[in-house]
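Chains, contacts and geometry: an overview
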Amino acid sequence: MRNYAQWMADSIIARKTNLTDHWGYEYGLTLDGFVKVWQQTGDKKYFDFIVKTMDHFIQEDGSINGYRLEEYNIDHLNNGKIVITLYKETGNEKYKKALQLIRKQIDTHPRTKEGVFWHKNIYPHQIWLDGLYMGATFYAAYIKEFGNITEFDDVAAQFIISEKNLKDEKTGLLYHAWDEAKEQPWADKKTGLSAHFWVRAMGWYVMALVDTLEVFPEENKNREKLLTIFNDCMQALLKVQDKISHVWYQVLDAGDRKGNYLESSGSSMIVYALLKGVRKGYLPASLQETAKQAYQGLVDEFILETKEGLINLNKVCYVAGLGGEDQRDGTFTYYISEPIISNEPKGLGPFILASAEKNRF
C-alpha cells in the first residue's frame, strides 16, 4: 500500500494549504501529523514546514500572534504540543517561553464545580468533548516534559468526570456536550446534555485518551480507570461502525436516517485511536484486523487521487458546535446541514496520524 501519510503531507505542501491565518488548533493537529511523517521518513523538509508554519506565530520573546490568555479558550492550548516538539528538537528558548505562556492559562482557566475546564469563557459551565483533546493532552504532554508528576491526577480527572457526566448508559457513547448550569437552549433541562452523539466529538475524546495514556505514568492510580474508559468508548464506537464501509456516520447512532452521511474527520480520529490503541496494548490484540479494515475503509471511502497526482480527503464536516452567536441547536438537522468540504485541516491531521499508525503495522 502507498504511504498515505507522506502522500497527504506532500499534497498539503503542493496545494499551499493555508495553516497560518489564525492560531488554530486544527493547524497544530495537522502539524502533529507532519511530525510523524518527518520521523518515519527522516526527510527534513517536513520538519522545516513545521518550523516555518509555527514561526509565523511565535515571536523571539515567546509571545504568540493571535493568542490571548484572557480569552480562556481551551482550543488555544492544543498547539502547545507541536511547540513542545519544536523546543525538544531545536532547544530554541523562544519555544520554551511560548510553552510557559500557554501553560499559564491552565492555572486560571475557569472550571466546572467538579474541576473540569470550561470549553471557553464565552461558553460558561460547559464541557465539550472537543476540549479534552485541546486541553488535557497538552496538559499531560507538558507535565511529562516540564511539570509536576502529581498534576497527572488533574489530567485524569478531566476524562473521568467528563465521562461520568456525558456518557449514555444505553449505548455507551458520549454526548457532544454538557451544560452544568442547564441553561443553554441546546441542553436538556433535566440532564444538561446535548441531544446527539457527534462523530468528531467522540473522535476528539478517544484521540485524547490514547495520546494521554502514552505519556501517563504506569504507577498512577488513575491509569486503569483511563484504560477502562478508553476500551468502553472504543467498544461503543465499534457497535455503531458502518458494516459495509467500516467507517462512521456524522451522527453516530443514526446511520439509517435520511441526510446522515459517512464523515471523514471523525472516522480518521477513531481509526487513529483504534490502531494506536492496539499497537500500544491499550486495546485487545484481537482488534488488529478490525483496525486495519477500518483504515482501509478510510482510504476507500474518502480518498481520491487528482490528475496532478495529489490526494484529496473528502466528506469533512467543516465545523459543528453548540450555541454561540449562531444559536446552534444541536439537533440532527443541524449536524447534517453544516458544510461538507474537502481537505480541511480537522480531517487532514487525523488522516495523516491514522496513516502513520498504519505504517507501523
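Whatever comes next refers back to the structure up there.
Residues numbered from 1 in each chain as written. Predicted model: local features only at pLDDT ≥ 70, side-chain atom pairs only at ≥ 80, totals over all residues. Heavy atoms only, no water.

Turning our attention to unusual backbone geometry. Non-glycine residue His125 carries a positive phi angle of around 65 degrees. Position of His125 among the secondary structure elements: in the loop between α5 (93-108) and β1 (126-128). By relative accessible area, His125 is classed as partly exposed at 29%. Residue Gln327 is not a glycine yet carries a positive backbone phi of 50 degrees. (Helix = DSSP H or I, 4+ residues; strand = E, 2+ residues; numbered from the N terminus. Buried < 20%, exposed > 50% of the residue type's maximum accessible area, 1.4 Å probe, protein only.)

Once that is clear, we can look at the pattern of salt bridges. Throughout the structure, instances matching the rule amount to 26 salt bridges. Here Asp10 ties to Lys45 by a salt bridge, and the two come within 3.2 Å at their closest N and O atoms. Residue Asp10 is found in helix α1 (residues 4-14), and its partner Lys45 is found in helix α3 (residues 44-55); the two are separated by 35 residues along the sequence. Relative accessible area serves as the criterion here: at 24%, Asp10 is assigned to the partly exposed category. Overall, the relative accessible area of 40% leaves Lys45 in the partly exposed class. Put simply, Glu70 and Arg68 hold a salt bridge, and the shortest N to O gap is 3.7 Å. Residue Arg68 is classed as partly exposed on the basis of its relative accessible area, which comes to 46%. (Salt bridge = Lys/Arg side-chain N within 4 Å of Asp/Glu carboxyl O.)

Before going further, it helps to spend a moment on helix α11 (residues 288-302). At 3.6 residues per turn, the α-helix brings residues three or four places apart onto the same side. Across its 15 residues, α11 extends 21 Å between first and last C-alpha, which sits within 8% of the 21 Å expected from 1.5 Å per residue. When α11 is considered as a whole, its buried residues turn out to be Ala291, Ala294, Tyr295, Gly297, Leu298, Val299 and Phe302. Where α11 is buried, its residues contact α1, α10 (264-280), β3 (303-305), β4 (311-313) and α13 (345-358). (Expected span 1.5 Å × (residues − 1). Contact = heavy atoms within 4.5 Å.)

Take the packing of helix α9 (residues 223-239) against α10 next. Running from amino to carboxyl end, α9 crosses α10 at an angle of 125 degrees, the nearest separation of the two axes being 11 Å. Regarding the angle of α9 to α10, the classification is oblique. Helix-helix and strand crossings are classified by hand; for α9 and α10 the assignment is left-handed. On the side of α9, the interface is formed by Phe230, Met234, Leu237 and Leu238, while α10 contributes Ile270, Ala273, Leu274 and Gly277. Residue composition of the contact of α9 with α10, grouped by class: seven nonpolar, one polar and no charged. (Axes fitted to C-alpha atoms, helices over the stretch in contact; angles between N-to-C directions. Parallel < 35°, antiparallel > 145°, perpendicular 65-115°, else oblique. Left-handed = near helix turned anticlockwise from the far one by under 90°. Nonpolar A, V, L, I, M, F, W, Y, C, P; charged D, E, K, R; others polar.)

Turning next to the packing of α11 against α13. The axes of two packed helices give the description: the angle between them and the distance between them. At a closest axis distance of 11 Å, the pairing of α11 and α13 adopts a crossing angle of 135 degrees. For the element pair α11 / α13, the angle class is oblique. Crossing geometry of α11 relative to α13 is assigned as left-handed. Between α11 and α13, the residues in contact are Lys292, Tyr295, Leu298 and Val299 and Phe351, Ala354, Ser355 and Lys358, respectively. Tallied by class, residues from the contact of α11 with α13 come to five nonpolar, one polar and two charged.

Turning our attention to the environment of Val83. Topologically, Val83 is positioned in helix α4 (residues 80-90). For the pair Val83 and Ile102, spaced 19 residues apart in the sequence, the C-alpha separation amounts to 9.9 Å. Excluding residues that lie within four positions of it along the chain, Val83 makes contacts with Trp23, Met54, Ile58, Tyr95, Ala98 and Leu99.

Under the defined criterion, the tally for this structure stands at two cavities of 30 Å³ or more. What the largest cavity holds in volume is close to 80 Å³. Surrounding the largest cavity, Ile74, Val116, Phe117, Trp118, His119, Ile127, Trp128, Gly131, Leu132, Ala136 and Gln158 form its lining. When residues of the lining of the largest cavity are traced back to their parent elements, those giving at least two are β1 and α6 (130-146). Considering every element that reaches the lining of the largest cavity, the biggest residue donor is α6, with three residues. Residues of the lining of the largest cavity, tallied by class, amount to eight nonpolar, three polar and no charged. Listing elements by their share of the lining of the second largest cavity, those giving two or more residues are α2 (25-41) and α13. The element contributing the most residues to the lining of the second largest cavity is α13, with three residues. When grouped by side-chain class, the residues that make up the lining of the second largest cavity number two nonpolar, one polar and three charged. (1 Å grid on protein atoms, 1.4 Å probe; cavity = no way out; pocket = protein on both sides within 12 Å on 5 of 7 lines; lining within 4 Å. Points joined across faces, edges and corners; volume = space filled by probe spheres on them.)

Attention now goes to the side chain of Asp168. Looking at where Asp168 falls in the secondary structure, it is placed in the loop between α7 (152-166) and β2 (177-179). Here Asp168 is buried and forms no salt bridge, its nearest opposite-charge partner Lys170 lying at an N-O distance of 6.9 Å. A polar contact of 2.7 Å, which involves the side chain of Asp168, links it to the side chain of Thr171. Other than its neighbours up to four places away in sequence, Asp168 contacts Leu173, Tyr175 and Phe197. (Lys, Arg positive; Asp, Glu negative; His and termini not counted. Polar contact = N/O pair within 3.5 Å; in protein donor to acceptor, adjacent residues only side chain to side chain.)

The values are spatial; any link to function lies outside them.
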